[in-house]
Amino acid sequence: MNLECVIGTEGEQGISKGESSPYYYRARPEMLSVLMEAGIDVVVTANNHSGDYGSKALLEQQHWLDATGIGYAGSGINIEEALTPVYRPAGRLNVAIFSIDATQPRFAAGPSTPGCAHLPLTIPSLWLDNLKPRIEAARKKAHLVLVAVHWGNNREPKPSEDEITIGHAIIDAGADGILGTSAHNLQGIEIYQDRPIIHDAGDLLFDAVRRNLADSGIFRLQLSENGIEKIIFVPVGVGFGFSKQLSGDVAKDLTQRFSKACSELGTHLTLNPDGSGTILLSPPDRQYRKLPHLLKTHYKREVIREKRPLNPNWTVDQVPLDARIPPIKCGPLKLLGVRFFPREIKTRQMLWVESFWTTDKKVKEDFRLDFRAIPIKETSMPYWGKAMDHDPCDWQVPTSRWEPGRIYRDFYGLRAPAANQIKPVHLKLAVGIISNTQQVKPVIVGGMITQLNFSKKPPQIPTYKTDFPPAVYQHTPMQTWNAQQLELVSGGKWLTPPPENWYIRSVISGSGFLDQAVGPVLFVAHTSKDRDFHEQRSKPSANYFDCHKTLPEFAHRIAGAIVSHPVDGLPKELPVLQVEDPLKVIIELGLAARKRFQGDVIAITGTAGKSSTLKMLVQILGPKEKILSSLGNYNSRVGAPSMLASLNPDHEAAVIEVAQSALWMKRGPITRQIKPTISIITEIGLSQTNHRIKSVEDTAKWKSCIFDGLTNSSVAILGDHLKCFDYILSQAIKYAKKIIVFGKGERADVKIINIDTDETGSNVTLQFPTQRLELKVPAPSTGMMYNAIAAICAAYALDKDLAQCANRLLDLELDEGHLKRKNLNIQGKSLTLIDDSWNAEVCSMINAFSVFSQSKIKNNGRRIAVLGRIVHLGKKAQELHESLTHPLLNSNVNWVITHGEEMKFLRELLPEEILGPHFSEASPLVDYLADFSQDSDLILIKGSRRDSDFGSIPILLEKLQKTGQPIEVE
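Throughout what follows, the structure given in this document is the object of discussion. Sequence order sets the numbering: in each chain, residues are counted from 1 along the sequence as written. Thresholds applied to this predicted model are a pLDDT of at least 70 for local features of residues and 80 or more for the giving and counting of side-chain atom pairs; totals over whole chains, interfaces and linings are not thresholded and use all residues. To obtain the side-chain values, all non-hydrogen atoms of the structure were used and water was disregarded.

### Some thoughts on the pairing of strand E22 (residues 351-358)
Stated precisely, the cut-off is as follows: Exposure categories follow from relative accessible area, calculated using a 1.4 Å probe and restricted to protein chains: below 20% of the type maximum is buried, above 50% is exposed, and the middle band is partly exposed. Secondary structure elements follow DSSP: runs of H or I no shorter than four residues count as helices, runs of E no shorter than two count as strands, and numbering proceeds from the N terminus. If DSSP finds at least two bridges between two strands, the strands pair.
Burial analysis of E22 places eight of its eight residues in the buried class, which makes it a mostly covered element. Of the two faces of E22, both are covered, the one formed by Leu351, Val353, Ser355 and Trp357 as well as the one formed by Trp352, Glu354, Phe356 and Thr358. The pairing of strand E20 (residues 333-341) with E22 spans seven bridges and is classified as antiparallel. Each residue of the ladder has a partner; that of Phe341, found in E22, is Trp352. For E22 and strand E24 (residues 407-414), the ladder comprises seven bridges, and the chain directions are antiparallel. Residue pairing across strands places Trp357 opposite Tyr408, the latter belonging to E24.

Below is the structure:
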């Protein structure tokens, strides 16, 4: 029997199922008496309700089944246990039964996580690969092997092509027969290789509200050592919570309908005089094997008769203040309090009701609670929660067991009507009670109103799988993903299948990453709308793009592509995988890769210095073939996990830049998905402001979430120079097993003994607990020095040779726009350029000014600062731009040229004698600078290139070089 519920007392409703109005089914442990009275030997548990109350309840179900002696298959503490069959004797034969679900991936068991056995309907080879060796192993103990499969959509009248294909794969894997469920519709039997596939058995006992009896049946199998020789179909009618065997003309009519369904699948069913039907089969001869005889089911009924302790979730000492109401008497029960949510509904969803009850005297019968959300005015919309009366405490504590004076808590979801029945009419809450003998009609609970506002389409929230079939986690050296693994994760189909032994090493979503990625490369095409959705942006991107259109331009440089629709102009032999949502796939590949990876993952965040620290770490730890790192500053809630899509077990470590943005969103910091083993904070300042981030303290709060998600060694690295250091340290203590503080203070584990700086970098002496290290940082500024120390501390946490790491750092070359020093020759004038135009925050501006002031000038050259605005500061823009005044003046600047509207705030406070012109575009600024500059001038370019052309200033200056020779980099 397919047990389409969970038997347990743990958990409560509300587990996310990816459905707008989900069903939740469970039963009290004592209800197992129904199965024992019916003589049920085995239940299969892999279905879309096995996880309705969470993994604890699912594991509790195993306890009760084991305790009562009922066999089960389909769920377990991990995927291996979930895919283990149950064995029982049938006469002189031993039978093994597997159970697999194909409907609810959220309940899937993983390599180390509990759940049910789940395989997708779209990949037949996966079923064959998983079942064939397991069925062969099962035959060592069993003469016959049966597979129960939960597949297909609700109310599906016929099996889909995918179900038929998967059914054939299961038989090809060695099964003797298949029992299908899920559609709640009786479907026909297909015969494949002389073995039966019962595509859907319908319902046997179910609580769906029905006016007439639904078609169903019992399938009696006549077995031999060869397999299933005969099937007798016994017609059954299913009502609301009851079933009965049919007879006479009613039985014959049902069997005739079933015979027609079988005939459409090529199977002949003979109608018997008693109304049943017979199918004869001829399985191929198979030699009888004498196997150890299995023990029959032995029930232990006393287990469920024992009084079990009451789950503490279902009683309270007093009603919460915000739930208290004037008591409402409902027959022998008394409602003391209620609260429900949401109070505004913008889309079809559950309405959750939490209530508190008591009784003054012993109740002799079981009353069910009947909550309803009723429209406040006349409408065609039915009330919410129809036919959802239930035993109190979510079925767990019937009223006949109540102790007078005790307060009982109930939490239950009221399901919405069908989508086409919902009207924009507000709801009021009503409650009544009902038993088998009497009913107290619902009365209104005063003041309880929920607004239905369907005028605006609510934003969709992206969700991602975190558990995948075992084959996804397998690894072949030098390969990241093969074709089958990509199919498993994506659920897509190959438009152009790859050749045999095809694989890829890197997965990218931007063509700009091609030169940096290790080949073979898989490109993930998407649009700006896709990016906006997964980034959960409140406003669409200003510039629309579609990578599908540009894909043919670089298709010859990639090994394959993931697309959402066919693309013209691609090489005919290029493997192309079509999926519904390409960006979702690259994120889920990242999550799967992280779960597979056993090495260290280093996460870096901060208002400045993230990219530089990352580059230093990669320089220290090894080449890109050994160390996976973020590319192109792609550090968002999409960028960070998608970078992990290229991670494979051959890597020694991964270094991932994390922006830590939008942490107020329900899913929390992205580090919970990345699961770093080491987390680093580089700097704390204001890089953006909004209604949630108004101060440096707020920034410290958000950036400290880099520690939330730490796993394994769980090391936190931070400098004692950080603003809000005490708070950040407290958060590190909360999540980390080990903390490494560097700096000059007493609390530093790695002490800075001495610093000697110049315009080319810093010489730093560090004292580690067991050694002293001389560190040369080949990049100017205090910020770069702290970045280098943080990187060395990460190497220390990884137990690397620190002297060797320090030596590797000497070969560091900074990226464009990161304090990059260049010599230019423009119109015969020799100029020195400090390009720090990659990004800008207050702290990085001040850091650039310090480098500017330390840089030496020859032959009476001048210091010229070309400054761009800091973006996303909101109401703080004026204050923070003005705060740059003194640091800028202290840099001994001779001339200031500005770009961008917010820089006008700074201009108002600068002396006129150093104030140059203001520009809103890069091109006229460069023309002015070319004319104004003199030989030996030092030019600092510092600002944000976001939402402006400020970043093109260094490029335009290089184009002005008269010689056209490559730029020399010091």
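After presenting the structure, the write-up continues.
### Notes on helix H8 (residues 483-490)
Since one α-helical turn is 3.6 residues long, residues separated by three or four positions face the same way. Our working rule: Any pair of residues with heavy atoms lying within 4.5 Å of one another is described as a contacting pair. In the analysis that follows, any N or O atom pair within 3.5 Å is treated as a polar contact, provided that within protein one partner can donate a hydrogen and the other can accept it, and provided that, for residues neighboring in sequence, both atoms belong to side chains.
For H8, a buried count of seven out of eight residues is recorded, marking the element as mostly surrounded by other parts of the structure. All buried positions along H8 are accounted for by Ala483, Gln485, Leu486, Glu487, Leu488, Val489 and Ser490. Looking at the buried side of H8, the elements it contacts are helix H4 (124-138), strand E27 (481-482), strand E28 (493-496), strand E31 (521-524), strand E33 (576-578) and helix H11 (582-596). Two to three positions downstream of the cap, the backbone nitrogen of Gln484 sits 3.2 Å from a side-chain oxygen, assigning the N-cap of H8 to Asn482. Residue Gly491 follows H8 closely and has a positive phi angle near 70°.

### A closer look at the pattern of salt bridges
Under the convention used in this document: Whenever Lys or Arg places a side-chain nitrogen within 4 Å of a carboxyl oxygen from Asp or Glu, that contact is recorded as a salt bridge.
A full pass over the atoms with the stated rule returns 34 salt bridges. Salt-bridge contacts for Glu403 lead to Arg406; the nearest nitrogen and oxygen are separated by 3.6 Å. The exposure class of Glu403 is partly exposed, given its relative accessible area of 41%. The exposure class of Arg406 is partly exposed, given its relative accessible area of 33%. Residues Lys942 and Asp836 are paired through a salt bridge, measuring 2.9 Å at the closest nitrogen-oxygen approach. Highlighted residues: Lys942 in strand E48 (residues 938-942) and Asp836 in strand E44 (residues 829-836), separated in sequence by 106 residues. We classify Lys942 as buried; its relative accessible area is 1%.

### Details of the sheet that holds strand E7 (residues 93-101)
Note the threshold: Simply put, an axis is a line fit to the C-alpha atoms, just over the touching stretch for a helix, and the angle between two N-to-C directions goes from 0 to 180 degrees.
Read across the sheet, six strands follow the order E6-E7-E9-E10-E12-E11 without closing on themselves; strand pairing throughout is mixed. Two strands in the sheet have a free side with no partner beyond their single neighbour: strand E6 (86-90) and strand E11 (189-192). Strand-to-strand twist of the sheet, defined as the mean angle between neighbouring strand axes without regard to direction, takes the value 20°. Pairing of E7 with strand E9 (residues 144-150), which is carried by seven bridges, proceeds in the parallel orientation. Across the sheet, Ile97 pairs through a bridge with Leu146, a residue of E9. Relative to the sheet, H4 contacts E6, E7 and E9, its axis offset from that of E7 by approximately 160°.

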